[in-house]
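# Residue-level structure breakdown
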Amino acid sequence: MIDLLSLTPAAARAALEQWLRARGEPAYRLRQIMPRLWQRPAASWADATDLPAPLRGALEEAFSLHRLSLKVHQVSNDGTQKFLWELGDGEAIESVLIPEGKRRTLCISSQAGCALGCVFCATGRMGFRRNLNAAEIAGQVREVLMRDPALKPTNIVFMGMGEPLLNWDAVDSTLTTLNQPEGLGIGARHITLSTVGILPNLAKFGRRKEQFRLAVSLHAPTPALRRELMPIEKKYALPDLMEALKQFRRRVTLEYVLIGGTNDSLETADQLAKLAKPLEALVNLIPLHPGGAPDLTPSTRAQMLAFERRLKERGVEAVLRRSRGLDISAACGQLRVEIAGPARARGKIRSEEHAHIE
Ligand code: SAH
Ligand code: SF4
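Treat the numbers as computed from the prediction; the structure is a model and nothing was measured.

## Notes on the environment of Met304
Looking at the element boundaries, Met304 is found in helix 11 (residues 301-313). For the pair Met304 and Asn133, spaced 171 residues apart in sequence, the C-alpha to C-alpha distance is 38 Å. Among all residues touching Met304, those that are not within four sequence positions of it are Leu258, Pro287, Ser299 and Leu320.

What follows is the structure, encoded as structure tokens:
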């Protein structure tokens, strides 16, 4: 069985073309089949009723259309939707759909769990489970599209569970599928990869010719403070990361989660400005989602605003993000943790599942 959805659209086309030719099918069959991968996704070959039944049966035997099964669907009162998918082997991952005006941004996962253990992050606390394959990563978009074509994401961010640059081969192929017209057709400028900065693979990402966007999770402007929050600092140190970002050909966004009394002083803002200014980077200030780490507290609203103002005074473009989906804990891996947690938490999810759409 060939897993068509793990292939790039060009590779899937080649595989199908060869197979159709071997069966003596007319050439136009390819034009009927290709759109059922990503453009008008079919739930199964049996659903592709514009094809003759014997051909559907043969496709069923030769090519799998990988599905993710929806376990929990939650809708926040601000319109944010969270999807918890179960994979074939029982692992669970999540995606979050964030509507904002005409935009619909889907935040997708690249791994089940994460090995990097950032102290503020719920996914980090779970530890690493496994890499997702390309069908499981792009499949998150496909599943949303299949539920409702009107929900088709306009923007994709790799800010769900996992570190995309530690799963580079699958992410590399997924970027192609997301972007290609025969895939999901989402413009490269509308696709953002978020990373803590795995330097060898960051260079590979930088070599892609499309204008994919890069967001780097900085969270601290000095190596000492960053080491307290993000163990990866020991392997890929801040000065080397900054050097790599200077080499990066496109404008970079720096992500900065504001943690009360930890990385939110005005002196820290000044240090951050010194890093961001020469890069002409945009700084995204993110209020800490409390679910990630019980012992950390978000900065006060006043401190967040003061931090933002200070960056702007230093000539840095900074945006303080609103928290979205707080009531459904729609940050980085939180739902998975609740489900895997104690029985009481499991009970809670079940009742929520009941109250919501599924
Ligand atoms: N591993 C990659 C991508 C997934 S994390 C990375 O770290 O960049 C996506 C974003 O969610 C990161 O910027 C991360 O710092 C942020 N995040 C994690 N836990 C959070 C929390 N508790 N509150 C707010 N943002 C959080
Ligand atoms: Fe992993 Fe990103 Fe969470 Fe850090 S913030 S533990 S890298 S998912």
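## Side note on the site of ligand 2
Taken together, 9 residues form the shell around ligand 2, and within it Cys114, Cys118, Cys121, Gly124 and Val196 come nearest. Here the residues of the shell around ligand 2 are counted per class, giving 6 nonpolar, 3 polar and no charged.

## A word on the site of ligand 1
Taken together, 20 residues surround ligand 1, and among them Phe120, Ser194, Ser217, His219 and His289 come closest. A distance of 2.8 Å separates a nitrogen atom of ligand 1 from a polar backbone atom of Phe120. Interatomic distance of 3.0 Å between a side-chain N/O atom of Glu255 and an oxygen atom of ligand 1. Burial of ligand 1 by the protein chains amounts to 93% of its free accessible area of 530 Å².

## A closer look at helix 5 (residues 134-147)
Between its terminal C-alpha atoms helix 5 stretches 20 Å, which fits the 20 Å expected from 14 residues at 1.5 Å a residue. Of all the bends in helix 5, the largest measures some 40° and sits at Gln140. Residues of helix 5 that are buried: Ala134, Ala135, Glu136, Ile137, Ala138, Gly139, Gln140, Val141, Arg142, Glu143, Val144 and Leu145.

## Structural notes on the sheet that holds strand 12 (residues 252-258)
The sheet built from 10 strands is open, its strands ordered 3-4-5-6-9-10-11-12-13-14 with mixed pairing. Each edge of the sheet is formed by a strand with only one pairing partner; in this case those strands are strand 3 (69-75) and strand 14 (317-320). Across this sheet, the average inter-strand angle for adjacent strands is 20°, counted without regard to direction. Where strand 13 (residues 282-287) and strand 14 come together, 4 bridges link them in parallel fashion. Of the residues in strand 14, the one forming a bridge with Asn284 is Val319.

## A few points about the packing of aromatic side chains
This structure, assessed with the given rule, holds 6 aromatic pairs. Geometrically, the ring pair formed by Phe83 and Trp85 is stacked, given 5.3 Å between the ring centres and 0° between the ring planes. What makes Phe83 buried here is its relative accessible area of 0%. By relative accessible area, which is 1% here, Trp85 ends up buried. One aromatic cluster is present, formed by Trp168, Phe205, Phe212 and Phe248 through successive ring pairs.

## Structural notes on the nonpolar core
In terms of nonpolar packing, the biggest core is built from 102 residues, with Leu245, Val283 and Leu311 touching the most fellow members. Excluding residues that lie within four positions of it along the chain, Leu245 makes contacts with Leu202, Leu214, Val216, Val252, Leu254 and Leu279.

## Examining the domain arrangement of the chain
On domain assignment, one finds that the chain holds domain 1 (2-64) and domain 2 (103-333). Look at where the C-alpha atoms of domain 1 and domain 2 centre, and you get two points 35 Å apart. In this assembly, 15 residues from domain 1 lie in contact with 16 residues from domain 2. Between domain 1 and domain 2 the total buried area reaches about 1,300 Å² when both faces are included, carbon and sulfur atoms providing 59% of it. When the buried surface of domain 1 facing domain 2 is broken down by residue, Pro9, Trp38 and Pro41 rank first, second and third, together holding 44% of it. Where domain 1 meets domain 2, there are 1 salt bridge. Glu182 is the salt-bridge partner of Arg13, the closest N and O atoms lying 2.7 Å from each other. Linking domain 1 with domain 2 are 6 residue pairs in polar contact (both at pLDDT 80 or more), by the criterion used here.

## Looking at the pairing of strand 6 (residues 103-107)
One ladder, built from 5 bridges, connects strand 5 (residues 92-100) with strand 6; its direction is antiparallel. Considered in strand 6, the bridge of Val96 is made with Cys107. Once strand 5 ends, the chain turns through 2 residues before running back antiparallel as strand 6, passing Gly101 with a positive phi of about 60°. In the sheet, strand 6 pairs with strand 9 (residues 155-158) via 3 bridges, with the strands oriented parallel. Across the sheet, Thr105 pairs through a bridge with Asn155, a residue of strand 9.

## As for the packing of helix 1 (residues 9-23) against helix 3 (residues 53-62)
Direction vectors running N to C along helix 1 and helix 3 enclose 130°, while the axes themselves pass 12 Å from each other. Between helix 1 and helix 3, the interaxial angle falls into the category oblique. Once helix 1 is placed against helix 3, the crossing between them reads as right-handed. Residues Leu16, Trp19, Leu20 and Arg23 of helix 1 touch helix 3, and the partners they reach there are Pro54, Leu55, Ala58, Leu59 and Ala62. Considering only residue class, the contact of helix 1 with helix 3 consists of 8 nonpolar, no polar and 1 charged.

## Describing the side chain of Glu143
Mapped onto the elements, Glu143 comes out in helix 5. Within the structure, Glu143 has its side chain in polar contact with the side chain of Arg67 (distance 2.8 Å). For Glu143, the residues in contact, after removing those within four places along its chain, are His66, Arg67, Leu68 and Trp85.

Cut-offs used in this document
- Residues numbered from 1 in each chain as written.
- Chains lettered and ligands numbered in written order.
- Predicted model: local features only at pLDDT ≥ 70, side-chain atom pairs only at ≥ 80, totals over all residues.
- Heavy atoms only, no water.
- Helix = DSSP H or I, 4+ residues; strand = E, 2+ residues; numbered from the N terminus.
- Contact = heavy atoms within 4.5 Å.
- Near = heavy atom within 4 Å.
- Nonpolar A, V, L, I, M, F, W, Y, C, P; charged D, E, K, R; others polar.
- Polar contact = N/O pair within 3.5 Å; in protein donor to acceptor, adjacent residues only side chain to side chain.
- Areas by Shrake-Rupley, 256 points an atom, 1.4 Å probe, with all protein chains shown as cover.
- Expected span 1.5 Å × (residues − 1).
- Bend = angle between axes of the 7 residues up to and from the residue.
- Buried < 20%, exposed > 50% of the residue type's maximum accessible area, 1.4 Å probe, protein only.
- Pairing = 2+ DSSP bridges.
- Axes fitted to C-alpha atoms, helices over the stretch in contact; angles between N-to-C directions.
- Phe/Tyr/Trp six-rings, centres within 6.5 Å; stacked < 30°, edge-to-face > 60°.
- Core = buried A, V, L, I, M, F, W, Y, C linked by side-chain atoms within 4.5 Å.
- Domains from an automatic or database assignment.
- Buried area = accessible area lost by both parts, 1.4 Å probe.
- Salt bridge = Lys/Arg side-chain N within 4 Å of Asp/Glu carboxyl O.
- Parallel < 35°, antiparallel > 145°, perpendicular 65-115°, else oblique.
- Left-handed = near helix turned anticlockwise from the far one by under 90°.

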